[in-house]
Amino acid sequence: MAALAEHDSATAARILAAARELILKRGVKGLTVAEIADKAHVGKGTAYLYWGTKQDLLFELFARDFLTFLEGEIQALDADPEAGRPHRLCPRVARNALSYPIVRAMQTGDDDRLGAFGQHPRSVELLGRLGPATVVHSVLPVWREHRLVRTDWPLDEQAYALQALMTGFLGAVTRPPTPTSVTVDDPDKVMAAAVTALLDPEEAGPADVCAVAEEGLRLLRERRDAMLALITTYPGTKHGQEPERSGSS
């Protein structure tokens, strides 16, 4: 999140940390800016100096989790081009998405935690831009171009099948087990095998793998930078210099 650091202040960071703690503890429903400010030990007016509305504050907080998730994928692919192969990328994206509480809540539709904000247009846009299924979908054409997946299947149908597979695995991992649930010791291994069986990759050489990694990194960085720009230029977000505090705030 270094790209956002210049827009932060110690006060803004404290407010965001307080909002995160409260959301993870009791969810969004009924949460107020006054409660967040009190938790952060600032006046409510101070919070409004940074965000015009509660929705603006929550959107930035949610976006930061998605951006951190995406940054992890960028680092993994940058460190090892082989990490861009379908059978490695898909299980990793699914597992990593679930390790960020807000991304997990958005992906699984956790109404208890998100309340109505989970269906807010900006939340839907966020999931559509940076969600795990979107990350995989954006790389699929690159895989096809460089023979890492089969190409005798229409792209839209192939993308639909892959998204359904990932959604199914995410649901299987996050749903509470029942007496009839089927469990395995290594879900990532099973998912990798399922991805391979679904996409039936052709034989690709090292040059193809490196080309996929390079193009995949470009696409992921473009999405990251676009979301950063959206956060820092959105009219309701007022990052900048540390505001002066008054006795009334």
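Each remark here, short or long, concerns the structure printed above.
Attention in this report is confined to the structure presented alongside it.

Helices and strands together make up the secondary structure of the protein, namely 13 helices and zero strands. Burial analysis of the protein (249 residues in total) assigns 44% to the buried set. At a minimum sequence separation of 6, the contacts of the protein that also span at least 24 residues come to 78%. When the accessible surface of the protein is split by element, carbon and sulfur atoms take 53% of a total near 12,300 Å².

Turning our attention to the pattern of salt bridges. For the structure shown, the criterion picks out 17 salt bridges. A salt bridge links R224 to E71; the nearest nitrogen and oxygen atoms lie 3.2 Å apart. Here R224, found in helix α13 (residues 206–233), pairs with E71, found in helix α5 (residues 54–79); they are 153 residues apart in sequence, far enough to count as distant. Judged on exposure class, the residue R224 and its partner E71 are both buried. Across the pair E125 and R129 runs a salt bridge, and its minimum N-O distance is 3.0 Å. Here the residue E125 and the residue R129 both occupy positions in helix α9 (residues 121–130), the gap between them amounting to four residues, near one helical turn.

The next point concerns empty space enclosed by the protein. Over the atoms a probe the size of a water molecule is rolled, and this reveals where empty space is left. In the structure shown here, the tally under the stated rule is two cavities of 30 Å³ or more. Size it by volume and the largest cavity reaches roughly 40 Å³. Considering the residues around the largest cavity, the lining is formed by A133, V136, H137, L140, A159, L162 and Q163. Mapped onto the lining of the largest cavity, the elements with two or more residues apiece are α10 (132–145) and α11 (155–174). Per element, the largest residue contribution to the lining of the largest cavity is four residues, and it comes from α10. Taken together, the residues that form the lining of the largest cavity break down as five nonpolar, two polar and no charged. As a volume, the second largest cavity reaches approximately 30 Å³. Every element with two or more residues in the lining of the second largest cavity is listed here: α5 and α6 (86–98). Of all the elements, α6 adds the most residues to the lining of the second largest cavity, at three residues.

This part is about unusual backbone geometry. Trans peptide bonds make up most of the peptide bonds, and negative phi angles are found at most residues other than glycine. The phi angle at H41 is positive, at roughly 65°, despite the residue not being glycine. With respect to the helices and strands, H41 occurs in the loop between α3 (33–40) and α4 (44–50). For H41, a relative accessible area of 69% gives the class exposed. Residue R147 is not a glycine yet carries a positive backbone phi of 65°. By the element assignment, R147 lies in the loop between α10 and α11.

One number sums up the size of the largest pocket: a volume of about 320 Å³. What lines the largest pocket is a set of 14 residues, among which A172, V173, V182, T183 and V184 lie closest to the centre. At the level of secondary structure, the elements contributing two or more residues to the lining of the largest pocket comprise α11 and α12 (187–199). The leading source of residues in the lining of the largest pocket is α11, at four residues. Of the residues assigned to the lining of the largest pocket, the class counts are nine nonpolar, four polar and one charged.

Conventions used here
- Residues numbered from 1 in each chain as written.
- Predicted model: local features only at pLDDT ≥ 70, side-chain atom pairs only at ≥ 80, totals over all residues.
- Heavy atoms only, no water.
- Helix = DSSP H or I, 4+ residues; strand = E, 2+ residues; numbered from the N terminus.
- Buried < 20%, exposed > 50% of the residue type's maximum accessible area, 1.4 Å probe, protein only.
- Contact = heavy atoms within 4.5 Å.
- Areas by Shrake-Rupley, 256 points an atom, 1.4 Å probe, with all protein chains shown as cover.
- Salt bridge = Lys/Arg side-chain N within 4 Å of Asp/Glu carboxyl O.
- 1 Å grid on protein atoms, 1.4 Å probe; cavity = no way out; pocket = protein on both sides within 12 Å on 5 of 7 lines; lining within 4 Å.
- Points joined across faces, edges and corners; volume = space filled by probe spheres on them.
- Nonpolar A, V, L, I, M, F, W, Y, C, P; charged D, E, K, R; others polar.

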